[in-house]
Amino acid sequence: MQKWESKSFSELVSELQASAEEVASLAKNSEYEREVFTEFAVLLEKFTPILIELKENGDDMDSQTVRKAVESLKKELRRAMEFIKSTESPFQRMEDMTQDLGRSLGLVLFASIDVSQEIKEKVAALHKELMNAKFNTSLSTSLCPSANPSPRPSQEPWFGNELDSQREIKVESIVLSIEDVVLQLKYGNDEEFTLALWGLRDFIKDQTIDKEWINDERVIPILFNRLGSIKPHSRLTVIHLLRILASVNTENKEKMADVGSLSLLVKSLTQEVEEQREAVGLLLELSVISAVPRRIGRIQGCIFVLVAMLNGDDPTASHNAGELLTALSSNTQNALYMAEAGYFKPLVHYLKEGSDMAKVLMATAIARMKLTDQSRASLGEDGAIEPLAKMFKAGNLEAKLSALNALQNLSMSTENIKHLISSGIVVPLLQLLFSVTSVLMTLQEPASAILAKIAGSESVLVNQDIVQQILSLLYLSSPVVQFHLLQALNSIASHSKATKARKKMRENGAFQLLLLFLTETSIKNRTAALNLLYTLSKDSPEELMEQLGEYHVNNIVSVVSSSTSEAEKAAAIGILSNVVVDNKKATGVLEKSNLLPALILIMSSSESTSTPTTSWLMENIAGLFIHFTAPSDKKLQRLSAELGVIPLLVKLLSTGSLVAKCRAATSLAQLSQNSLALRKSRKSRWTCIPRSAEAFCEVHDCYCIVKRTFCLVKAGAICPLIKILEGEEREADEAVLDALGTLFQDEIWESGSNYMARMSVFQAIIKILESGNVNAQEKALWILERIFRIEEHRTRYGESARGVLIDLAHNGDPKLKSTVANVLAQLELLQA
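Here is a short report on the structure shown in this document. (Residues numbered from 1 in each chain as written. Predicted model: local features only at pLDDT ≥ 70, side-chain atom pairs only at ≥ 80, totals over all residues. Heavy atoms only, no water.)

**Concerning the environment of S263**
Counted only if it meets this: A run of H or I in DSSP counts as a helix once it spans at least four residues, and a run of E counts as a strand once it spans at least two, with each numbered from the N terminus. We call two N or O atoms a polar contact when they sit within 3.5 Å, provided that within protein one can donate a hydrogen and the other can accept it, with sequence-adjacent residues counted only if both atoms are side-chain atoms.
By secondary structure assignment, the location of S263 is in helix α15 (residues 259–268). Each C-alpha atom, one on S263 and one on Q300, is 8.9 Å from the other, the two residues being 37 residues apart in sequence. Within polar-contact distance, the side chain of S263 engages the backbone oxygen of V259 at 2.8 Å.

Given below as structure tokens:
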């Protein structure tokens, strides 16, 4: 017969298929125990479709190991045929013979590394069915009493010593004894090692080997020694076998508990999900050994991986990772590692129920951690704030300091403010700040920082005395504490419902106290004081100017001119912009202080990138420009124009925030109000020097120069103004319409209407009528009425305007009805 080495893989499988079908046929036709043999034949018939698929995938499967496995299966079929033909063999061998077939098929499964998963699953299913096959042997037992098996003595799971320790695995012509299995586990190549693993698993299952043999042959160290260098499939099998061994007794667990073995298992936590699942399960079993949690925690990256698995999608791995983390958390250092990985529950547990030393350790860790807002919020939700507040209120100095520093870190999340307030910490914080005991004064810095964050909540307004208390602390505190107290006062004053609080601050001398900070050397404190001055001055601009005087105005202007901080400049300019616009004395002081050139320089040199601070700075500068462009002071307007204010205002219309756009439009409107009075005759006084055609303005019917006549048309302001009206935000509408309305004044309404019609202002006007506020609608109707005085525009745009106008007539504000009626009358829909 041709040897199997020389045959093609397809030939080998075909012969195997023929053998299986022959044995199945023989079993069906047996006259001895027909029912049992029929069951056996049904199992054998299931080989055929699997073997056909294996044959079709021959190129992927053909290897020495697979060939050995196939030949082993063929030999088992020959033995089965001999058994069926013999009626003298003990019938109890039926189940053993079926399991032998299953083992041989299992060799095919484990040797088929490159075959598809679908075929593997089919082979695995038949293998399982063969290994678990049970036959109804009651008849044969009564006929052959000698077939009754001897009962096995009670023993530890998976192991026994009643079986022959030389039981063999037959693979082709090579006989693998237990000793051979050990050798191949130690030194075999990948395929030999895989087969040896299967043999070891078989020996364990059949209780062929006992724990003494496991110890004597150093099986556990051998498996760990190979774990780091074998293929993923084999790693999975090894870890599975180790889990079986670990579940048997503590002695086996201890052999796996050294740092090297644990490190190998931790590496498997980063592999495919099945390997992760096995590895974390084994680590969990090993964690019952007292030294293991500490050792696992020291393995770099282990806890981070476990936390990731806890939050992963695999429910089994997640559950076991959570259980293992719980076991590891018995060590305080591990709890800290978990917190660094974003898992805070063990840390919070120690804060609540740990020893005093553990509580201080956890609080100190929180204080030092670089937490994200999400992490801070998670700690707050997990319950960290209340025990920290208790530590501050009742602990010794070390506990108070660590708790306050931790709370300061957590207070940086706005979501934690509610937890801080409900913990009842506000009053103790104030009491601490009033303390003059040198020991407690070291706690005032974190206490004031926490108070500054808490002040961001409107609930602090319930405490009527808090404003007066904080103000009284300002000049009794260190610079760092002063900074936080100024922040706290500004947070309180900035609340929408803080009108009474702001009034109380002013009544308690806040202006006088804050103005003293203008000469403060600390830029942080100076800026904080300016911010609070700005907030308080919005309610009382008249009182502000009385308090400032020329001396303090000059100090503020000095800040504007010399500070390197955008935030400080923005606050200083904001204070000055809050001065009443029509206060001539105040405007005179501002002009005299040489503030205007400084503002123009700041705006001209400002970078195009917009940050909240830059945006606020531009808004406040635009607010101050309103003072310097007041229509009542043409001299100051001319100075502003000559210094280059108008192009900056036009630029703000496109690049500024909505507030800046609104303020820029207001300044442009004020300038444009005087354009008519400043316009020049169309004819040049010097006929020998002709005027440029480009300088002629069709709206003002003159030669307009921006710096001289403040003309919006020549300044290029019309398009950006219209674009603001076309946008979705409505806050700047009134200021923009005021600016555009200056081109519809009585002397120039006709030319203004024609020009604005060509600039496509009509759709923007209609949009305001549809969605603007009442004041904006009123201004828009005034402009529309002037446009519709011209028949051409009535004809072109009248039909489009009717629907909106009729809707306003029926549903609009009563104050608009008269104007709406006049415009509709222009369109001959109503009698004038």
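**Quick word on the nonpolar core**
As a reminder, the rule being used: Note on terminology: a nonpolar core comprises buried Ala, Val, Leu, Ile, Met, Phe, Trp, Tyr and Cys residues joined through side-chain atoms within 4.5 Å. Burial classes follow relative accessibility: with a 1.4 Å probe on protein chains only, a residue under 20% of its type's maximum area counts as buried, one over 50% as exposed, and anything between as partly exposed. Domain segmentation is taken from an automatic or database assignment of domains. In what follows, a contact means two residues having at least one pair of non-hydrogen atoms within 4.5 Å.
L347, L388, I492, M505, L740, L769 and L805 are the most contacted members of the largest nonpolar core, which has 176 residues in total. Of the domains in this structure, domain 3 (332–423) and domain 4 (667–678 + 694–829) are the two that each give at least three residues to this core. Once residues lying within four places of it in the same chain are set aside, the contact partners of L347 are A335, L336, A339, M362, I366, M369 and L379. Core analysis: the second largest hydrophobic core is formed by 55 residues, V181, I239, A246 and V266 among them.

**Quick word on the packing of helix α27 (residues 426–433) against helix α29 (residues 444–454)**
Rule in force here: Geometry is summarised by axes, namely lines fitted to C-alpha atoms with helices restricted to the contacting stretch, and by angles between N-to-C directions that run from 0 to 180 degrees. Comment on the angle field: the value is read as roughly parallel under 35 degrees, roughly antiparallel over 145, roughly perpendicular from 65 to 115, and oblique elsewhere. Note on convention: the crossing is left-handed when the near helix lies turned anticlockwise from the far helix by less than a right angle, right-handed when the turn is clockwise. Note that Gly is not counted as nonpolar here; it falls among the polar residues with everything else outside the nonpolar set of Ala, Val, Leu, Ile, Met, Phe, Trp, Tyr, Cys and Pro and the charged set of Asp, Glu, Lys and Arg.
For the pair α27 and α29, the least separation of the axes is 9 Å and the interaxial angle reads 140°. On the basis of the axis angle, α27 is oblique to α29. Crossing hand, α27 versus α29: left-handed. Between α27 and α29, the residues in contact are V426, L429, L430, L432 and L433 and Q444, A447, S448, I450, L451 and I454, respectively. Of the residues belonging to the contact of α27 with α29, the class tally is nine nonpolar, two polar and no charged.

**Some details on the side chain of H793**
With respect to the helices and strands, H793 occurs in helix α51 (residues 791–811). Under the relative-accessibility criterion, H793 is labelled buried at 4%. Discounting residues that sit within four places of it in the chain, H793 has contacts with S753, N754, A757, I787, F788 and G798.

**With respect to the packing of helix α49 (residues 762–771) against helix α50 (residues 774–787)**
Packing of α49 against α50 leaves a shortest axis separation of 8 Å and a crossing angle of 145°. Viewed along their axes, α49 and α50 form a crossing whose handedness is left-handed. On α50, the residues that touch F762, I765, I768 and L769 of α49 are A776, Q777, A780, L781, I783 and L784. For the contact of α49 with α50, the per-class residue count stands at nine nonpolar, one polar and no charged.

**Considerations on the packing of aromatic side chains**
Short version of the rule: Pairing of aromatic side chains here covers Phe, Tyr and the six-membered ring of Trp, requires ring centres within 6.5 Å, and sorts the geometry by plane angle: under 30 degrees stacked, over 60 edge-to-face, intermediate tilted. Placement of a positive charge over a ring is assigned whenever Lys NZ or Arg CZ falls within 6 Å of the ring centre and within 35 degrees of the normal to the ring plane.
For the structure shown, the criterion picks out five aromatic pairs. Ring geometry for Y475 versus F517: centroids 5.2 Å apart, planes at 40°, classification tilted. Linking Y475 in the loop between α30 (466–473) and α31 (479–494) with F517 in the loop between α33 (510–515) and α34 (523–537), this pair joins segments that are 42 residues apart in sequence. Residue class for F517 comes out buried when judged on its relative accessible area of 1%. Ring centres 5.3 Å apart and planes at 70° place the aromatic pair Y534 and W616 in the edge-to-face group. You can see Y534 sitting in helix α34 and its partner W616 sitting in helix α39 (residues 612–628), a full 82 residues away along the chain. Under the relative-accessibility criterion, Y534 is labelled buried at 12%. According to the relative accessible area criterion, W616 is partly exposed, its value standing at 22%. Three or more aromatic residues joined by ring pairs make a cluster, and in this case those are F762, F788 and Y797. It is R789 that lies over the ring of W749; its NZ or CZ is 5.0 Å from the centre.

**Side note on the pattern of salt bridges**
To keep it simple, the criterion reads: Basic side-chain nitrogens of Lys or Arg form a salt bridge, by our definition, when they fall within 4 Å of a carboxyl oxygen of Asp or Glu.
Tallied over the entire structure, the rule returns 24 salt bridges. In this structure, R235 and E275 form a salt bridge, with 2.7 Å as the shortest nitrogen-oxygen distance. On the criterion of sequence distance, the pair formed by R235 in helix α13 (residues 232–248) and E275 in helix α16 (residues 273–286) is long-range, its members being 40 residues apart. A single network of salt bridges, built from pairs that share partners, joins R502, R506, D539 and E543.

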